[in-house]
Amino acid sequence: MQTVFNRIAIFGVGLIGGSFALALKKSGSVKQIVGVGRSRTSLETAQQLGIIDHIADSVEDAVTGSDLIMIAAPVAQTESILRAIAPFLAANTIVTDAGSTKADVVLAARAALGNKIAQFVPAHPIAGRELNGPEAALTDLYVGKKVVITRLPENTDQGVAAVAWAWQQCGAIIHQLNPAQHDAVFAAVSHLPHLLAYALVDDVARKPHADTLFQYAASGFRDFTRIAGSSPEMWRDITLANRVAMLEELDSYTARLAILREHLVQADGAAIEGIYSHAQKARHNWISAIEAAEKQQREGGD
């Protein structure tokens, strides 16, 4: 059973990595957290905010003596970070990530780590907000949220348990999928919605009367497009990394839009209402299931 991490190194001290650090500190699960990143300013901010205790002078400084290494950088950076840490990786150090895609991350890890691949335990926290940077980090970001671990055949039970324990100390609920399952699921319920939100805001912003449109946009538009405030760099990487599954979902959604468009052309109110009603019922059932699960979790914790 895991007790306390002596030292954790976090590559990327923004919203995801910073919230991970704050939660572990609050739970008393780590003695020291070291930060690594591209921006010295962000690292200094993270240190001032108490997210990290030390700014690493080098990759070797970050990796040496760390029990756990968290990669919380955009997924396109994963392979280069893993290649940089590989020479300094001790046999007892576990490496994990927080990337929103997994098949590409696993391929990158295999290429970068070689025979050290067993030490890499891929994971994905299902939590976030539209703000970025260390200032956006929240101590309770992961409380009650799912974290999906996409275990590799080479992983040890001990390594997986260590990563799961770390996330549990953040208040998260552990789930497991394989990388392909993960990417197919999140293409539908996370990656495509982000693409659609970005596309809608971009479309409105390019219209000649955009100022007027935004002036009258209200809570419905704000709620639907909230995720378009997320990091463009991060979502560019996710979109490209999971493009095969995303194209399948985009094609499916486009076909559904084409059907709705034809109903609109034909002024077929009954058909339009049928689609709306089906969607409403599905959403109500989904929310009810979430609320039931949350209630069960609360009662189980009492």
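Note: the structure precedes this text.
All of these numbers come straight from a predicted model, not from anything done at the bench.

Each value, and the rule that gives it
- Residues numbered from 1 in each chain as written.
- Predicted model: local features only at pLDDT ≥ 70, side-chain atom pairs only at ≥ 80, totals over all residues.
- Heavy atoms only, no water.
- Helix = DSSP H or I, 4+ residues; strand = E, 2+ residues; numbered from the N terminus.
- Buried < 20%, exposed > 50% of the residue type's maximum accessible area, 1.4 Å probe, protein only.
- Phe/Tyr/Trp six-rings, centres within 6.5 Å; stacked < 30°, edge-to-face > 60°.
- Arc of directions from axis to C-beta.
- Contact = heavy atoms within 4.5 Å.
- Pairing = 2+ DSSP bridges.

Q: Run through unusual backbone geometry, naming residues and quoting values.
A: Positive phi, normally seen in glycine, also occurs at alanine 267, with a value near 55°. One can find alanine 267 in the loop between helix H11 (243–265) and helix H12 (269–301). Look at alanine 267 and you get exposed, because its relative accessible area is 65%.

Q: Can you tell me about the packing of aromatic side chains, naming the residues and giving the values?
A: Inspection of every chain in the model, using the stated rule, returns four aromatic pairs. Here phenylalanine 20 and tryptophan 167 contribute two aromatic rings whose centre-to-centre distance is 4.6 Å and whose plane-to-plane angle is 55°, an arrangement assigned as tilted. Of the two residues, phenylalanine 20 sits in helix H1 (residues 15–27) while tryptophan 167 sits in helix H6 (residues 157–169), which places them 147 residues apart along the sequence. With respect to burial, phenylalanine 20 and tryptophan 167 carry one shared label: buried. On the basis of an interplanar angle of 70° and a centroid distance of 6.1 Å, the ring pair of phenylalanine 214 and phenylalanine 221 is categorised as edge-to-face. On the accessibility criterion, phenylalanine 214 (34% relative accessible area) is partly exposed. The exposure class assigned to phenylalanine 221 is partly exposed, which follows from its relative accessible area of 24%. Taken together through their ring pairs, the aromatic side chains of Phe20, Tyr142 and Trp167 make up a single cluster.

Q: Tell me about helix H10 (residues 232–241), and please be specific about residues and values.
A: Regarding H10, the residues found buried are Trp235, Asp237 and Ile238. All buried residues of H10 fall inside an arc of 155° around its axis, so they share one side. Looking at the buried side of H10, the elements it contacts are helix H7 (179–206).

Q: Break down the pairing of strand S8 (residues 146–149) for me, with residues and values.
A: Note that strand S7 (residues 123–125) and S8 share three bridges and pair antiparallel. Within the sheet, the bridge partner assigned to alanine 123 lies in S8 and is isoleucine 149.

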